[in-house]
Amino acid sequence: MSTRLLRTRPARVVPAVILAIVLLLLATALGWIGVAAIVATGTIDSAMNSGYPGLDALGTLNWGAAAVIGVGVVLTVLGFVFVIAGISPGARRLSDYRAEPAEHIGRFEVALPTSALSNLAAAAADSVDGVSSVRAASNAKSTIVTFSTPVRDNAPIRDEVEAAVRERFESISFDRTPTVKVHALRRQA
Amino acid sequence: MSSPGTLTIADKVVEKTASQILKGLPGVGGTTSGFLGIGANSSLENRPSVDVTLSGRSCTLAVQLGLSYPSSITEATETVRERLSTEVEHLTGVTVRQVDVAVRWLKPESAAGGRGARSLA
Amino acid sequence: MRRMAAGANRTGLIIIGLLLTLGGLAILAIGFGLAEAVVPGLGAQSDLQPVAGVFALPFSALLALVAAIILAVIGLRWLAAQIPRKDAAKPLRLQRDARTGVTTVTANVIAEAVAEDLEATPEVVDAEAILRGSAKQPELVLHVDVDERADIDAVVTDIAQRVTRNCAEALGSPLATVAVEVGIARTKQRRQRSVSL
């Protein structure tokens, strides 16, 4: 299934955007210092510290200083987080559907994103009497439905919601039908 | 014997002729231009647009058209090609060497209302 | 549906992550006096004068400018790569014999017809289609939003039996791959603006 057309794993857009913006900020700072130095001295061979004299203060620190150690810790932790984000495949974002092939189709892939599972579950739960609001969260294999109800004894409603969501999922030919968990929240009417 | 004179056919005539031939073909349509593209209308009722390049007594045609969907694009455009080659030559006496066809739109029979609207047919 | 720069993102994250980790570990190693074994005299008590000295070198401002430009280019290109790409097929050539003329159809024309056709499927609220590959090996990627109470099996069957068959007929060849992503439109989010009778 390596040549799937549908992307199953996260593309790591958010960390990539953050890093790209950090690179741009770094470039702006470096460029600023460089230009300031060249303008200040008026020669092309000027040193960076004539653009930003604060750089000289670095020389008074020693390696054991808390600030230096702190920077080391932060860099190590961030670096580690980025490496993990790059290597780990991340959560599956699609639930596979068992599609019947047809003779005019070579390979047939059908899948529901996890957001669709949540919406299906929420819609099914919404149809149960006594439910005032629903939230659903899903991964590729399971859905957790949290509903609120003004009813004090909500166990029967809970069972009914679970049955409704389960029935809805079973009406769909998933490769593996997602499991359902239901939580009730009591809300004062 | 004096010469019976010469007959000159303008390229516009060949274009109009070709366009009119295609209007009779089922499942083939065109786009009216509108004003600066505003109010342009694509329909199987409209005539496809045809550009003619004349060279000597022969010509090449460039056709922009729309087709009904679903139907084989290759077959529909081959029919267009054959029709144009035989009938343009028959009507105007100009030999058609090549017909280039650009399919600009496909109109599904199921979606009469177009996108964003629903049809209750 | 559309393609993301997943590979580039992961590679970039790993490279920058490794650089940061190595840099951070090096700072910590010196800070805790562990580097003295390798570089004598480089311990917790030594100061950062050698680092500050780099910023005092002649031409370092110019080098900083060059580095800034390189970083800015990398950052901008990486940001630009985040725009999802359709990667639609090149215009398809569908003539029998090129000597009598060529027939051209853009992938967009076919994709729009497929999307329109899809929206005729009962309970499909919205549809998007992308045609990739070539005329001989077409790949169709579809996204449909169906009503929350829709019979999803019926929608998929209609796609398999009608919509894709129509597309294969138009192209005159079977579809190498069809990929469908089914989304669910909640009723309150959906609003049909008009009806034509």
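Predicted, not measured: the structure shown is a model, and the values here were computed from it.

1. Description of the overall build of chain C
Within chain C, the secondary structure is distributed over five helices and six strands. Tracing chain C from N to C terminus, the helices and strands come up as α-α-α-β-β-α-β-β-α-β-β. Projected onto its principal axes, the C-alpha positions of chain C cover 85 × 55 × 30 Å. With 197 residues in all, chain C has 45% of them scored as buried.

2. Observations regarding the interface of chain A and chain C
By a widely used convention, the size of an interface equals the accessible area lost when the partners come together. Chain A puts 82 residues into the contact, and the matching count from chain C is 76 residues. The largest contributions to the chain A side of the interface with chain C come from Leu5(A), Trp63(A) and His104(A), which together make up 14% of the buried area. On inspection of chain A and its partner chain C, the count reaches three salt bridges. As a salt-bridge pair, Arg165(C) and Glu103(A) come within 3.0 Å of each other at their nearest N and O atoms.

3. Details of the sheet that holds strand β3 (residues 133–138) of chain A
Residues and elements named next belong to chain A. If you trace the three strands from one edge of the open sheet to the other, you get β3-β4-β5, paired in mixed fashion. Across the chains shown, the open sheet's two edge strands, defined by having one partner strand only, are β3 and β5 (179–186). Strand-to-strand twist across the sheet, computed as the mean angle between neighbouring axes with direction ignored, equals 20 degrees. Where β3 and strand β4 (residues 142–149) come together, six bridges link them in antiparallel fashion. Within β4, the residue paired with Ser138 across the bridge is Thr143. Across the face of the sheet, helix α3 (residues 114–126) comes into contact with β3 and β4 while running at roughly 150 degrees to β3. Contacts from helix α4 (residues 155–170) reach β4 and β5 within the one sheet, and its direction differs from that of β5 by about 150 degrees.

4. Comments concerning helix α2 (residues 73–92) of chain B
Counting along an α-helix, one turn takes 3.6 residues, and residues three or four places apart therefore face a common direction. Residues and elements named next belong to chain B. Helix length check: α2 (20 residues) gives 27 Å between terminal C-alpha atoms against 28 Å at 1.5 Å per residue, within 8%. All of the buried residues in α2 are Ile73, Thr74, Ala76, Thr77, Glu78, Val80, Arg81, Leu84, Val88 and Thr92. Following α2 by one or two positions, Gly93 has its phi on the positive side, about 80 degrees.

5. Observations regarding the domain arrangement of chain A
Its domain assignment divides chain A into domain 1 (13–87) and domain 2 (110–186). Each of domain 1 of chain A and domain 2 of chain A has a C-alpha centre, and these two points are 49 Å apart.

6. Brief notes about the environment of Lys86(C)
Residues and elements named next belong to chain C. By the secondary structure assignment, Lys86 is in the loop between α3 (60–80) and β1 (92–93). For the pair Lys86 and Leu140, spaced 54 residues apart in sequence, the C-alpha separation works out to 12 Å. Each residue touching Lys86, except ones within four places of it in the same chain, is listed here: Arg2, Asn108, Glu128, Ile130 and Arg132. Within the local environment of Lys86, its side chain forms a polar contact with the side chain of Asn108, the two groups lying 3.4 Å apart.

7. Considerations on the domain arrangement of chain C
Here chain C is described as being made up of domain 1 (6–80) and domain 2 (92–189). Its C-alpha centre places domain 1 of chain C at a distance of 50 Å from the equivalent point of domain 2 of chain C.

8. Thoughts on the sheet that holds strand β1 (residues 94–97) of chain A
The strand order across the open sheet formed by five strands is β1(A)-β2(A)-β5(C)-β4(C)-β3(C), and the pairing between neighbours is mixed. The open sheet is flanked by β1 of chain A together with β3 (124–133) of chain C, the only strands paired with a single partner. Going across the sheet, the axis of each strand differs from the next one's by a mean of 25 degrees, ignoring polarity. As defined by bridge partners, strand β4 (residues 138–147) of chain C adjoins strand β5 (residues 175–185) of chain C across nine bridges and the pair is classed as parallel. Counterpart to His143(C) in the pairing with β5(C) is Glu181(C). Strands in contact with helix α5 (residues 152–171) of chain C are β1 and β2 (105–113) of chain A together with β3, β4 and β5 of chain C; relative to β5(C), the strand with the most contacts, it is inclined by about 140 degrees.

9. A word on the packing of aromatic side chains
Enumeration according to the criterion identifies one aromatic pair over all chains in this entry. Ring centres of Phe169(A) and Phe174(A) lie 6.0 Å apart, and the angle between their planes is 80 degrees; on these two criteria the pair is classed as edge-to-face. Each member of the pair Phe169(A) and Phe174(A) is classed as buried. Directly above the ring of Trp105(B) sits Lys107(B), whose terminal nitrogen or CZ lies 5.3 Å from the centroid.

10. As for the side chain of Ser95(A)
With respect to the helices and strands, Ser95(A) occurs in strand β1. A distance of 2.7 Å separates a polar atom in the side chain of Ser95(A) from the backbone oxygen of Ala140(A).

11. Overview of the nonpolar core
Val161(A), Leu61(B), Leu84(B), Ile110(C) and Ile152(C) are the most contacted members of the largest nonpolar core, which totals 90 residues. For this core, the element with the most residues is α5(C), which contributes ten residues. Other than its neighbours up to four places away in sequence, Val161(A) contacts Ala125(A), Val128(A), Val131(A), Val145(A), Phe147(A) and Val182(A). Counting residues in hydrophobic clusters, the runner-up holds twelve residues, among them Ala27(A), Phe82(A), Leu13(C) and Ile16(C).

Quick notes on the rules
- Residues numbered from 1 in each chain as written.
- Chains lettered and ligands numbered in written order.
- Predicted model: local features only at pLDDT ≥ 70, side-chain atom pairs only at ≥ 80, totals over all residues.
- Heavy atoms only, no water.
- Helix = DSSP H or I, 4+ residues; strand = E, 2+ residues; numbered from the N terminus.
- Buried < 20%, exposed > 50% of the residue type's maximum accessible area, 1.4 Å probe, protein only.
- Contact = heavy atoms within 4.5 Å.
- Buried area = accessible area lost by both parts, 1.4 Å probe.
- Salt bridge = Lys/Arg side-chain N within 4 Å of Asp/Glu carboxyl O.
- Pairing = 2+ DSSP bridges.
- Axes fitted to C-alpha atoms, helices over the stretch in contact; angles between N-to-C directions.
- Expected span 1.5 Å × (residues − 1).
- Domains from an automatic or database assignment.
- Polar contact = N/O pair within 3.5 Å; in protein donor to acceptor, adjacent residues only side chain to side chain.
- Phe/Tyr/Trp six-rings, centres within 6.5 Å; stacked < 30°, edge-to-face > 60°.
- Lys NZ or Arg CZ within 6 Å of the ring centre and 35° of its normal.
- Core = buried A, V, L, I, M, F, W, Y, C linked by side-chain atoms within 4.5 Å.

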